[in-house]
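Coordinate analysis (summary)
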Amino acid sequence: VLRTDLDDDSDYSKVPATSRVTGPRIGCSPCYQELSRWVPGELTQVFADDVRFRTYGWDEIYEDVYNRYGGRPFALYPVDGHTNMATHPAVSASWLRLFGGMWGAPFEHFFSDTWIDDVAKRAGCLERLESVLAEHVSPKYGKMHKDQTWYECRGIDKYPADKKIY
């Protein structure tokens, strides 16, 4: 499922998607929550335009993990080249049903990935896929230009409610 903002003028015609949703600009966390209701498959990946899979056959590795869990809730994540947490996790359909979406808290931008990482670790159902690299080519790491969205979303102090919720 691909979601774009009303003010996004990028050409996504070559991006494969089962569904496309366009709406007003919202934070990352509400965006993923919204999209999780549209997902037809068994795994939902938190992904953005600044992430690139670098591992051939990553989908087969995901499928192997999915098959091991046999329908139980779980989260998995590839390494991103920068952190040791689930910054771009994938969750099972049973996870989505259990929590009513990607996460069980109303985050605006920050801590949603941290929440998945924390909850799944505590439940013993978090898989870090060392063999899969999904590189985060963020301006934060000097790998992409800083656009308007980057400037609008920076700074943990911008989202004090997220910090309080977490």
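Rules used throughout
- Residues numbered from 1 in each chain as written.
- Predicted model: local features only at pLDDT ≥ 70, side-chain atom pairs only at ≥ 80, totals over all residues.
- Heavy atoms only, no water.
- Helix = DSSP H or I, 4+ residues; strand = E, 2+ residues; numbered from the N terminus.
- Buried < 20%, exposed > 50% of the residue type's maximum accessible area, 1.4 Å probe, protein only.
- Contact = heavy atoms within 4.5 Å.
- Areas by Shrake-Rupley, 256 points an atom, 1.4 Å probe, with all protein chains shown as cover.
- Core = buried A, V, L, I, M, F, W, Y, C linked by side-chain atoms within 4.5 Å.
- Patch = residues over 30% accessible without salt bridge, like charges linked within 9 Å, V, L, I, M, F, W, Y side chains within 5 Å.
- Salt bridge = Lys/Arg side-chain N within 4 Å of Asp/Glu carboxyl O.
- Lys, Arg positive; Asp, Glu negative; His and termini not counted.
- Charge placed at Lys NZ, Arg CZ, Asp CG, Glu CD.
- Pairing = 2+ DSSP bridges.
- Expected span 1.5 Å × (residues − 1).
- Phe/Tyr/Trp six-rings, centres within 6.5 Å; stacked < 30°, edge-to-face > 60°.

A word on the overall build of the chain. When helices and strands are counted, the chain shows six helices and seven strands. In sequence order, the chain lays out its α and β elements as β-β-α-β-β-α-β-β-α-α-β-α-α. Within the chain, buried positions represent 40% of all 166 residues. Expressed as a percentage of contacts within the chain between residues at least 6 apart in sequence, the contacts between residues at least 24 apart total 63%. For the chain, the computed accessible surface area is about 9,500 Å², with 52% contributed by carbon and sulfur atoms.

Before going further, it helps to examine the nonpolar core. With 26 residues, the main nonpolar core has Ala-75, Leu-76, Val-91, Trp-95, Met-102, Trp-103 and Ile-116 as its most contacted residues. Elements supplying a minimum of two residues to this core: helix H2 (58-69), strand S5 (75-79), strand S6 (90-92), helix H3 (93-99), helix H4 (112-123) and strand S7 (126-136). The contacts of Ala-75, once residues within four sequence positions are left out, are Ala-90, Val-91, Trp-95, Ile-116, Ala-120, Cys-125, Leu-126 and Glu-127.

On to a negative patch on the surface, then. The grouping of Asp-59, Glu-60, Glu-63 and Asp-64 at the surface amounts to a negative patch. Note on placement: Asp-64 falls in helix H2. On the accessibility criterion, Asp-64 (48% relative accessible area) is partly exposed.

A two-sided burial pattern is seen for strand S1 (residues 2-5), the buried positions comprising Leu-2 and Thr-4 on one face and Arg-3 and Asp-5 on the other. By the bridge criterion, four bridges tie S1 to strand S2 (residues 20-23) in an arrangement that is parallel. Residue pairing for S2: Leu-2 is matched across the bridge by Arg-20.

The subject of this paragraph is H4. Here H4 is 12 residues long and its end C-alpha atoms lie 17 Å apart, about the 16 Å a rise of 1.5 Å per residue gives. Taken as a whole, H4 has its buried residues at Ser-112, Trp-115, Ile-116, Asp-117 and Ala-120. Its buried side turned inward, H4 meets helix H1 (28-36), S5, S6, H3 and S7. At the exit of H4 stands Gly-124, carrying a positive phi of roughly 70°.

Attention shifts here to the pairing of S7. For a regular strand, side chains alternate in direction, first toward one face of the sheet and then toward the other. Here three bridges tie strand S4 (residues 51-53) to S7, and the two strands are oriented antiparallel to one another. Opposite Phe-53, over in S7, you have Ala-134 as the bridge partner. Relative to S7, S5 is paired through five bridges, and the arrangement is parallel. Following the sheet pairing, Tyr-77 is matched in S7 by Arg-128.

Our focus in this paragraph is the packing of aromatic side chains. Inspection of the entire model under this criterion finds nine aromatic pairs. Their ring planes at 75° and their centres at 6.1 Å tell us that Phe-53 and Tyr-62 sit as a pair that is edge-to-face. Classification of Tyr-62 by relative accessible area gives buried; the value is 4%. Where Trp-95 meets Phe-99, the ring centres are 4.7 Å apart and the plane angle is 55°; that geometry is what we call tilted. Of the two residues, Trp-95 and Phe-99 are both situated in helix H3; the distance of four residues between them amounts to about one turn of the helix.

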